[in-house]
Amino acid sequence: MRRPTASVIIPNYRRSQTLIEAVNSVRAQTYADHEIIVVDDASGPDFAEVYDSLLGVTVLRHNARMGPSAARNTALAAVHGEYLAFLDSDDVWLPHKLESQVRRLRERPDAALTYCHATLTDAGLTPLPSQPAPVEAGDDAFRVLLRRNVIWSSSCVMARRDAVVEAGGFDTQLQSANDWDLWLNLARAAPFVADPTPGVLYRRHGDQISGAKDAYFETDVRVREKWMQWARADAPQWLPEMRRRACRHYQRHAWTALYDCHDRKRALSALFRAIRTCPLDVRAYGRLLRATIAPLTPAYRHAAH
């Protein structure tokens, strides 16, 4: 049996129309040497007809819901390709995406991963008026990713299968930000190749995991604390920078919680976390005082800056 060059992994939970759109965007790729593996995360028997309609697609099923990271790991055990391309079931690829990324990894055999930029859209795939600027991680990917995840979505990524297997796949204990955690793992050992050209239409809508701000922040904290624990044990030279970056992030989250969400309790929790992480950061104490007494008005937010 001839093995495809690229394996496309699509986790899915109870999405039908957007899943079909995602699969069709893979079929429309200019690079045809690929396989498509969809992992159903216990959507239920009423989705059997949807999967039966996906001709030429390998469908794997979970009997109980395990989350997208476990779904990707399930696919990882079944793929045949040299390269892994991840696609969320509510995103769509532009036709050149696979071809461009295979070429980039072949040109850079030292790289573990390549990622493209994304165009943010509404639920109907209409581009939003405000678009983020692309950020290149490149040869200093680990340091860049310590600050924040600059890869918009796992849908933007193609990685070498051997590198992902060696890194242990996705951490199933993380309900979100598990992709960021894996990118950090890969970046420790090898550079990334960035492509500033959009290759993905990334939907923004209400049922995305990242839309749940409390859960997202707590998972973000877990990723940062996991990597600070690694630094304490294996790479103490990274720990001061990781503490500083985490402290700044917690302070930014506190301001967002206070003035965008009007949630003083969550803001104070984030600021206490910032102080525990970096006790000598004087700015965190000042923000704690302001968050304690500040009226929750947009005018005060601008004055505070």
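Since the structure is predicted, the reported quantities are computational estimates derived from the model, not experimental observations.

## Some details on the packing of helix H9 (residues 239-259) against helix H11 (residues 282-293)
Inference 1: Direction vectors running N to C along H9 and H11 enclose 10 degrees, while the axes themselves pass 11 Å from each other. Accordingly, the angle class assigned to the pair H9 and H11 is roughly parallel. H9 and H11 meet at a crossing whose hand is left-handed. Packed against H9, whose contacting residues are Gln-251, Trp-255 and Leu-258, the element H11 presents Arg-283, Ala-284, Arg-287, Arg-290 and Ala-291 at the interface.

## Things to note about helix H1 (residues 17-27)
Inference 1: When we look at burial in H1, the residues that qualify are Thr-18, Leu-19, Ala-22, Val-23, Ser-25 and Val-26. When H1 is viewed along its axis, its buried side chains cluster within an angular range of 155 degrees and face the same direction.
Inference 2: Looking at the buried residues of H1, the elements they touch are strand E1 (6-12), strand E2 (34-40), helix H2 (48-52), strand E5 (92-93) and strand E8 (192-203).

## A closer look at the nonpolar core
Inference 1: Trp-183 and Phe-192 are the most contacted members of the largest nonpolar core, which totals 97 residues.
Inference 2: Sort the elements by how many residues they give to this core and H9 lands first, with 10 residues.
Inference 3: Ignoring anything within four residues of it in the chain, the contact list for Phe-192 reads Leu-113, Tyr-115, Gly-138, Asp-139, Ala-141, Leu-145, Ile-151, Trp-183, Leu-186 and Ala-187.

## Digging into unusual backbone geometry
Residues apart from glycine generally show negative phi values, whereas peptide bonds are mostly found in trans.
Inference 1: Residue Arg-14 is not a glycine yet carries a positive backbone phi of 55 degrees.
Inference 2: Relative to the helices and strands, Arg-14 is located in the loop between E1 and H1.
Inference 3: Accessibility expressed as a relative area gives 39% for Arg-14, which makes it partly exposed.
Inference 4: We note that Leu-125 has phi near 70 degrees; this positive angle belongs to a residue other than glycine.
Inference 5: Assignment of secondary structure puts Leu-125 in the loop between strand E6 (113-121) and helix H5 (141-147).

## A look at the environment of Ala-137
Inference 1: Considering the arrangement of structural elements, one finds Ala-137 in the loop between E6 and H5.
Inference 2: Between the C-alpha atoms of Ala-137 and Phe-192, which are 55 residues apart in sequence, the distance is 6.7 Å.
Inference 3: With near-sequence residues (within four places) excluded, Ala-137 lies in contact with Tyr-115, Val-144, Val-150 and Ala-194.

## Details of a positive patch on the surface
Inference 1: There is a patch of like positive charges on the surface, built from Arg-147, Arg-148, Arg-244, Arg-248 and Arg-252.
Inference 2: Ranked by the residues each element gives to the positive patch, the list is headed by H9, at 3 residues.
Inference 3: Considering the arrangement of structural elements, one finds Arg-148 in the loop between H5 and strand E7 (157-160).
Inference 4: A residue is classified by how much of its surface remains accessible, and Arg-148, at 38% relative accessible area, is partly exposed.

## What to know about the confidence of the model for the chain
Inference 1: On average, residues of the chain score 90 in pLDDT, and 92% of them reach the 70 mark or higher.
Inference 2: Across residues 207-211, where pLDDT falls below 50, the model places 9 contacts with residues more than four positions away in sequence or in other chains.
Inference 3: Per-residue pLDDT stays below 50 along residues 299-305; that stretch engages in 10 contacts with residues further than four places along the chain or on separate chains.

## As for the sheet that holds E1
Inference 1: Spatially, the 8 strands line up as an open sheet ordered E3-E2-E1-E4-E7-E6-E8-E5, and their pairing is mixed. Of all the strands in the sheet, just strand E3 (58-61) and E5 have a single pairing partner and so form its edges.
Inference 2: Sheet topology places E2 next to E3; 4 bridges connect them, and they run parallel. The residue of E3 that forms the bridge with Asp-40 is Arg-61.
Inference 3: Sheet strands touched by H1: E1, E2, E5 and E8. Its angle to E2, the strand with the most contacts, is close to 165 degrees.
Inference 4: Contacting E1, E2, E3 and strand E4 (83-86), helix H3 (residues 68-76) runs over the sheet at an angle of about 145 degrees to E1.

Conventions and cut-offs
- Numbers given to residues run from 1 along each chain, matching the order in which its sequence is written.
- Restriction of local features to residues with pLDDT of at least 70 applies here, the model being predicted, together with a cutoff of 80 or more for giving and counting side-chain atom pairs; totals for whole chains, interfaces and linings are based on all residues.
- Only heavy atoms go into the side-chain values, all of them from the structure, while hydrogens and water stay out.
- An axis is simply a line fitted to the C-alpha atoms; with a helix, the fit covers only the stretch in contact. Between two such axes, the angle follows the N-to-C directions and lies from 0 to 180 degrees.
- The numbering of helices and of strands both runs from the N terminus, where a helix is a DSSP run of H or I of at least 4 residues and a strand a run of E of at least 2.
- For this classification, under 35 degrees means roughly parallel, over 145 means roughly antiparallel, 65 to 115 means roughly perpendicular, and everything else is oblique.
- The hand of a helix crossing depends on one turn: near helix anticlockwise from the far one by less than a right angle means left-handed, and clockwise means right-handed.
- By definition in these notes, contact holds between two residues if any of their heavy atoms fall within 4.5 Å.
- Burial status follows relative accessibility: with a 1.4 Å probe on protein chains alone, a residue under 20% of its type maximum counts as buried, one over 50% as exposed, and anything between as partly exposed.
- Here the arc refers to the directions that run from the helix axis out to each C-beta atom.
- Grouping buried Ala, Val, Leu, Ile, Met, Phe, Trp, Tyr and Cys residues that are joined through side-chain atoms within 4.5 Å yields what is termed a nonpolar core.
- Each patch is assembled from residues with relative accessible area greater than 30% and no salt bridge, linking like charges that lie within 9 Å and nonpolar side chains (Val, Leu, Ile, Met, Phe, Trp, Tyr) that lie within 5 Å.
- Accessible areas in this description were obtained via Shrake-Rupley with a 1.4 Å probe; residue shielding takes into account the shown protein chains only.
- Each salt bridge in this description consists of a side-chain nitrogen of Lys or Arg and a carboxyl oxygen of Asp or Glu lying within 4 Å of one another.
- When charges are counted, Lys and Arg are positive and Asp and Glu negative, with His and the chain ends excluded.
- Charged side chains are reduced to one point each, which is NZ for Lys, CZ for Arg, CG for Asp and CD for Glu.
- The predictor reports its confidence for every residue as pLDDT, a score running from 0 up to 100.
- The pairing criterion for strands is at least two bridges between them, as found by DSSP.

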